[in-house]
Amino acid sequence: MFQSRFDIVVVVEDEASVIDLAPDFHRMKQIATRGVIVTALSSQPQSDFTSRFFAPRHNIDEDPVTGSAHCCLAPYWCRRLGRQQLIGYQASQRGGFVDCELRGDRVRLSGCAVTVFDGQLRKIAEPTNAT
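Treat the numbers as computed from the prediction; the structure is a model and nothing was measured.

Peer 1: Honestly, the side chain of serine 92 in this entry has me stumped. Any pointers?
Peer 2: Along the polypeptide, serine 92 turns up in the loop between β6 (85-90) and β7 (96-103). Serine 92 gets classed as buried once you look at its relative accessible area, which sits at 10%. Polar contacts involving the side chain of serine 92 include one to the main-chain carbonyl oxygen of proline 64, which spans 2.8 Å. Each residue touching serine 92, except ones within four places of it in the same chain, is listed here: Glu62, Asp63 and Pro64.

Pasting the structure below:
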């Protein structure tokens, strides 16, 4: 177990422990971090590691696929496995694969995504002191 910049990371013995985990979200709200990432080596040929991400303190019991969690997990698993490119699988109900590539102190993520919000940002004009 270790703490990243935002989250607690729990590395467990096997992938089944990640998948079968039944967290107590009410108790997890007491943890003073953004979230908790649980991870293990994958036993599946299509991925290198498996994870789940929980942030009930921020009203997200379980996030389906979390890019920021993979930015934390990629350096850890790349060091452990001695590779620069890995595939992570987030085993939420929806689930998803994330291609991770370590590039110096950055992580490049890619994969398929689901658009859940589409919008446009505009600069708001500064208020004027019209008298």
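Peer 1: Can you help me understand the packing of aromatic side chains in this one?
Peer 2: Working definition: an aromatic ring pair is given by the centre-to-centre distance plus the angle between the planes. Enumeration over the complete set of coordinates arrives at five aromatic pairs. Taking the centre distance of 4.9 Å and the plane angle of 80° together, the rings of tyrosine 76 and tryptophan 77 count as edge-to-face. The buried category is assigned to tryptophan 77, whose relative accessible area is 1%.

Cut-offs and rules
- Residues numbered from 1 in each chain as written.
- Predicted model: local features only at pLDDT ≥ 70, side-chain atom pairs only at ≥ 80, totals over all residues.
- Heavy atoms only, no water.
- Helix = DSSP H or I, 4+ residues; strand = E, 2+ residues; numbered from the N terminus.
- Buried < 20%, exposed > 50% of the residue type's maximum accessible area, 1.4 Å probe, protein only.
- Polar contact = N/O pair within 3.5 Å; in protein donor to acceptor, adjacent residues only side chain to side chain.
- Contact = heavy atoms within 4.5 Å.
- Phe/Tyr/Trp six-rings, centres within 6.5 Å; stacked < 30°, edge-to-face > 60°.

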